[in-house]
Amino acid sequence: MDQLIQIQKTSGLKGSINIPGDKSISHRSIMLAGLSETPVTVTNFLHAADCWSTINCMRALGVTVDQDKDGVLTVKGNGFYGLSEPNDILDAGNSGTTTRLLTGLLGAQPFFTVLTGDASIRKRPMARVITPLTQMGIKITGRGQSRYAPLALSQAEQVTGITYNMPVASAQVKSAILLAALYANSSTTITEPIPSRDHTERMFETFGIPVKKEGTTITLEPVQKVTAPSRIDVPGDISSAAFWLVAASIIPNSELELINVGINPTRTGILDVLQQMGADITITNKRWSGKEPVADIVVRSAKLKGVTIEAEIIPRLVDEIPVLAVAALFAQGQTVITGAEELRVKETDRLKAVAQELGKMGAKITENPDGLVINGPQKLSFAVCESHHDHRMAMSVAIAGLAAAGVEIQNFDCVKISYPDFFAVIDTLRQG
Ligand code: S3P
């Protein structure tokens, strides 16, 4: 049976929200800590289904992950060469990050692994990681002429460094190559078409692995061990904060304080675009969490105007396009999004899903092959919308419903992928 939730419209959102841990950084903290000889404590880890997929995979590889009553993790690895062959197929669930990053890491190990995931993962393109990893001498086969999971990774013999020009801007692909490159016999150089999130590079440095950066080119020398920090504090996820940034902006009589938001410049496209749209956003208390910058953010209702979003900024806000489409429906004037074809291969085809689901509320959205055109403001009505089992779709339509005339969401439970408390938080903020 479908799971259904009803969201009533609200006349304002007020309050303070502790932003849950960053999904990208949570995955990487477990993978890197799992290669260490010394234990690593991880605080503010994102306890959501995607990151637990990574924990379960790392446990199956011989890494111990313990959790205390406050959700603080202790990861105990067996050293840089200490991963062991899993007894069974590894299940990445819905997580593209788990699938692609582990393909790089495990492709370089001297044992056999099979990696799969849910129906969405088995439709997502994997050739983008298989192509460079194969050039490194890693043997990978997969379904559909090695384009899709399940993926079978043969016991690695010699991994060689490569020089690779990435055809798509993807942090997952870059990270898969970098993880394999740690075990190579020569250096690896990667050039990105447009810079993508650099959490892997920052975390490598935290683990004593030097990364050389020149423009959009990254060079990595192989290592023999990692030197782990005793503790990693995961910053809050700006991609989760994005729902509140948009909600408070478009719902009159709103003021939200977002505590502990990661403001890594490779992720802050949402702040730049909302500010360009006229949003009332104040960034305070800037500080560091290891090598990642964080801040608190206050956002108040504002009159938004339409904006143009082009390819160059897409990697810095790639997961925020669905909720930005909601903002555009409440903004005065035209919003044009181009260069966003990557959204077609996310958890679902997000360009199509945005046009279709917000369309059920009466929104008129032009769907182009690589983006969307939205003329605002538009009047939306109550509708029953489908999440497409995509967490960011469920949360985006929820924000549209909160701001307009309410919404009923089918299969809302997928918010557990990145923000299990999302609907509970709405209840604490609503002003009627
Ligand atoms: C992620 C990278 C992005 C993003 C995803 C998380 C990561 O994917 O959409 O949610 O943790 O590296 P791509 O690398 O496919 O762009």
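Residues numbered from 1 in each chain as written. Predicted model: local features only at pLDDT ≥ 70, side-chain atom pairs only at ≥ 80, totals over all residues. Heavy atoms only, no water.

## Some words on the domain arrangement of the chain
Many descriptions give the size of an interface as the accessible area lost when the pieces come together. We note that the domain assignment places domain 1 (4-21 + 235-429) and domain 2 (23-232) within the chain. Buried area between domain 1 and domain 2, both sides added, is near 2300 Å², and the carbon and sulfur share of it is 50%. By the criterion of area lost to domain 2, the three top residues of domain 1 are Lys291, Glu347 and Ile417, representing 24% of everything that side buries. Arg124 is the salt-bridge partner of Glu347, the closest N and O atoms lying 3.9 Å from each other. Applying the counting rule to domain 1 against domain 2 returns 13 residue pairs in polar contact (both at pLDDT 80 or more). Taken together, the elements giving at least two residues each to the side of domain 1 that touches domain 2 come down to β17 (292-300) and α12 (391-403). A breakdown of the residues in the side of domain 1 that touches domain 2 according to their chemical character gives 13 nonpolar, seven polar and 11 charged. (Domains from an automatic or database assignment. Buried area = accessible area lost by both parts, 1.4 Å probe. Salt bridge = Lys/Arg side-chain N within 4 Å of Asp/Glu carboxyl O. Polar contact = N/O pair within 3.5 Å; in protein donor to acceptor, adjacent residues only side chain to side chain. Helix = DSSP H or I, 4+ residues; strand = E, 2+ residues; numbered from the N terminus. Nonpolar A, V, L, I, M, F, W, Y, C, P; charged D, E, K, R; others polar.)

## Section: the pairing of strand β7 (residues 113-116)
Taking every second residue as pointing to the same face, both faces of β7 are buried, with Thr113 and Leu115 on one and Val114 and Thr116 on the other. Of the strand pairs in this sheet, β7 and strand β9 (residues 148-153) are connected by three bridges, and their pairing is antiparallel. Bridge assignment links Thr113 to a residue of β9, and that residue is Leu153. (Buried < 20%, exposed > 50% of the residue type's maximum accessible area, 1.4 Å probe, protein only. Pairing = 2+ DSSP bridges.)

## Remarks on the environment of Gln67
Along the polypeptide, Gln67 turns up in strand β4 (residues 64-67). When its relative accessible area of 43% is taken as the criterion, Gln67 is described as partly exposed. Residues Gln67 and Gly208 lie 141 residues apart in sequence; the distance between their C-alpha atoms is 25 Å. Contacts of Gln67, omitting those with residues within four sequence positions, involve His47, Trp52, Val72 and Leu73. (Contact = heavy atoms within 4.5 Å.)

## Comments concerning the site of the ligand
The ligand sits among Lys23, Ser24, Arg28, Thr97, Arg100, Ser170, Ala171, Gln172, Arg197, Val318, Asp319 and Lys346. In this structure, an oxygen atom belonging to the ligand sits 2.8 Å away from a main-chain N or O atom of Gln172. Alone, the ligand offers 390 Å² of accessible surface; in the complex the protein occludes 96% of this. Counting only elements with at least two residues in the shell around the ligand, the list comes to α1 (23-33), α3 (96-107) and α6 (171-181). When residues of the shell around the ligand are assigned to their parent elements, the largest contribution, three residues, is made by α1. Shared between two domains, the shell around the ligand holds at least three residues of each, these being domain 1 (4-21 + 235-429) and domain 2 (23-232). (Near = heavy atom within 4 Å. Areas by Shrake-Rupley, 256 points an atom, 1.4 Å probe, with all protein chains shown as cover.)

## Quick notes on the packing of aromatic side chains
Under the criterion given, the structure shown has nine aromatic pairs. Ring centres of Phe80 and Tyr81 lie 5.0 Å apart, and the angle between their planes is 75 degrees; on these two criteria the pair is classed as edge-to-face. Under the relative-accessibility criterion, Phe80 is labelled buried at 3%. Look at Tyr81 and you get exposed, because its relative accessible area is 54%. (Phe/Tyr/Trp six-rings, centres within 6.5 Å; stacked < 30°, edge-to-face > 60°.)

## Considerations on the sheet that holds strand β22 (residues 383-386)
An order of β1-β23-β22 is seen for the three strands of this open sheet, with the pairing classed as mixed. The open sheet has two edge strands with one neighbour each: β1 (4-7) and β22. Ignoring strand direction, the axes of neighbouring strands in this sheet form an average angle of 25 degrees. In this structure, β22 lies alongside strand β23 (residues 407-410), joined through four bridges in parallel fashion. Looking at the pairing, Glu386 lines up with Gln410 of β23. (Axes fitted to C-alpha atoms, helices over the stretch in contact; angles between N-to-C directions.)

## Some details on the pattern of salt bridges
For the structure shown, the criterion picks out 28 salt bridges. The closest approach of N and O atoms between Arg316 and Asp272, which form a salt bridge, is 2.8 Å. In this pair, Arg316 sits in the loop between β18 (308-309) and α10 (321-330) while Asp272 sits in helix α9 (residues 269-276), placing the two residues 44 residues apart along the sequence. On the accessibility criterion, Asp272 (33% relative accessible area) is partly exposed. Taken together, the shared-partner salt bridges connect Arg124, Arg197, Asp319, Glu347, Arg350, Asp390 and Arg392 into one network.

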